[in-house]
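Each chain is listed here by its residues.
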Amino acid sequence: MSKISNSIDLAKSSLGVLRTDKELAAIPLASSITCGIVALAFAGLAYLSVDHVSHPAAGQSDWQVTPLTWSIGVIAIFVIGMVAQFFAAVLIAGANERLEGGSPTLKSAFAKASSRTGSILGWSVVNATVGMILSSIRQRAGFLGDIAAGLFGAAWTVITWLALPIIVIEGLGPIAAIKRSVEMLKQTWGENIIAQIGLGALGFVVMLPGMVVFGALAWLVPLLGIPLLGIYFAVVASIMSALGSIYRTALYRFAAGLPTGGAFQEEALAGAFRQKGGMASKLLH
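My aim in this report is to walk through the structure given alongside it, one point at a time.

Rules used throughout
Residues numbered from 1 in each chain as written. Predicted model: local features only at pLDDT ≥ 70, side-chain atom pairs only at ≥ 80, totals over all residues. Heavy atoms only, no water. 1 Å grid on protein atoms, 1.4 Å probe; cavity = no way out; pocket = protein on both sides within 12 Å on 5 of 7 lines; lining within 4 Å. Points joined across faces, edges and corners; volume = space filled by probe spheres on them. Helix = DSSP H or I, 4+ residues; strand = E, 2+ residues; numbered from the N terminus. Nonpolar A, V, L, I, M, F, W, Y, C, P; charged D, E, K, R; others polar. Salt bridge = Lys/Arg side-chain N within 4 Å of Asp/Glu carboxyl O. Buried < 20%, exposed > 50% of the residue type's maximum accessible area, 1.4 Å probe, protein only. Contact = heavy atoms within 4.5 Å. Phe/Tyr/Trp six-rings, centres within 6.5 Å; stacked < 30°, edge-to-face > 60°.

**Points about the layout of surface pockets**
Reported here for the largest pocket is a volume of approximately 670 Å³. As for the largest pocket, its lining consists of 30 residues, and the residues nearest its centre are Ala-88, Trp-161, Ser-241, Ser-245 and Arg-248. Only helix H2 (26-49), helix H3 (67-99), helix H5 (117-140), helix H6 (142-159), helix H7 (163-170), helix H9 (191-220) and helix H10 (222-255) provide two or more residues apiece to the lining of the largest pocket. Per element, the largest residue contribution to the lining of the largest pocket is 8 residues, and it comes from H10. Residue composition of the lining of the largest pocket, grouped by class: 16 nonpolar, 13 polar and 1 charged.

**Notes on the pattern of salt bridges**
Taken as a whole, this structure holds 2 salt bridges when the rule is applied. When the shortest N-O distance is used, the salt bridge between Glu-100 and Arg-253 registers 3.8 Å. Of this pair, Glu-100 sits in the loop between H3 and helix H4 (106-114) while Arg-253 sits in helix H10, and the two are 153 residues apart along the sequence. Owing to a relative accessible area of 53%, Glu-100 belongs among the exposed residues under this scheme. For Arg-253, a relative accessible area of 3% corresponds to the buried category. A salt bridge links Glu-170 to Arg-180, with the nearest nitrogen and oxygen atoms 2.7 Å apart. Note that Glu-170 is positioned in helix H7 and Arg-180 in helix H8 (residues 174-187), a separation of 10 residues in sequence.

**Remarks on the environment of Asn-96**
Along the chain, Asn-96 turns up in helix H3. For the pair formed by Asn-96 and Arg-248, sequence separation is 152 residues and the distance between their alpha carbons is 9.9 Å. Each residue touching Asn-96, except ones within four places of it in the same chain, is listed here: Ile-169, Thr-249 and Arg-253.

**Here's the deal with the side chain of Gln-85**
You can see Gln-85 is positioned in helix H3. With sequence-adjacent residues up to four places away left out, Gln-85 is seen in contact with Ile-120, Trp-123, Ser-124, Asn-127 and Leu-164.

**Here's the deal with the packing of aromatic side chains**
In the structure shown here, the tally under the stated rule is 6 aromatic pairs. The interplanar angle of 80° and the centroid separation of 6.3 Å between the aromatic rings of Phe-86 and Phe-87 together place this pair among those described as edge-to-face. Measuring from centroid to centroid gives 6.0 Å for Phe-87 and Phe-110, while their planes differ by 85°, and the two rings are edge-to-face. Of the two residues, Phe-87 is situated in helix H3 and Phe-110 in helix H4; the sequence distance between them amounts to 23 residues. With relative accessibility at 30%, the residue Phe-110 sits in the partly exposed group. One aromatic cluster is present, built from ring pairs that chain together Phe-86, Phe-87 and Phe-110.

Okay, here's the thing in structure tokens:
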């Protein structure tokens, strides 16, 4: 099975789960709306915290950032990260219940994620801290810093990709979950990366018609086209986020030796985790 066809098969299987539980697609949309509201609230606080210059000199801004403004910005990053990770955990909880053979509801998914709130918070802090460090490197180290931060960021995404499913399903703390995620990937290597890229490419392909149609409409009738374009992007992004979380959950269950309720073909999941040397993974089997 080729890497591309394997990615397509995994996406189709994820879509099958999503069709069974359509409410899962509402979770990423709710996450985006909630994060947007939180961001606007912190933006308002940040605006109130700046020093306003009554009579700025030529070329001088009429406001200046204060230490309080920076503090609000840092807190906002952590809070928004926590909100996003919690909703992602809710989605993983719902997908896991379905793959266990259950019938998830939004209530049961939120209840499961809520039981892991402490670990999710810890994971959010770790993840946001790494992101802030990488951002600082990009800003201060120039071109080479951009390359180093990009490479490290990609590596961090790969080695921690299963951390949140581990937290939700196994109940481990953030550090233990990261270590377990690393151990899973140390024993296997990376066609899962190709699958992630494949899902991203699929999202772009789905986005493209809307970009053309609604983009043209936005150019002709901005008041109509721009809102429709935004709605289209939000819906597609929510669906692709749900598909990605379902796939990530299924991949974790396969790697941990757990059944996937027949929603995914074993050979497709085996293609996403391959042992060094190219043999199909027997991880924890």
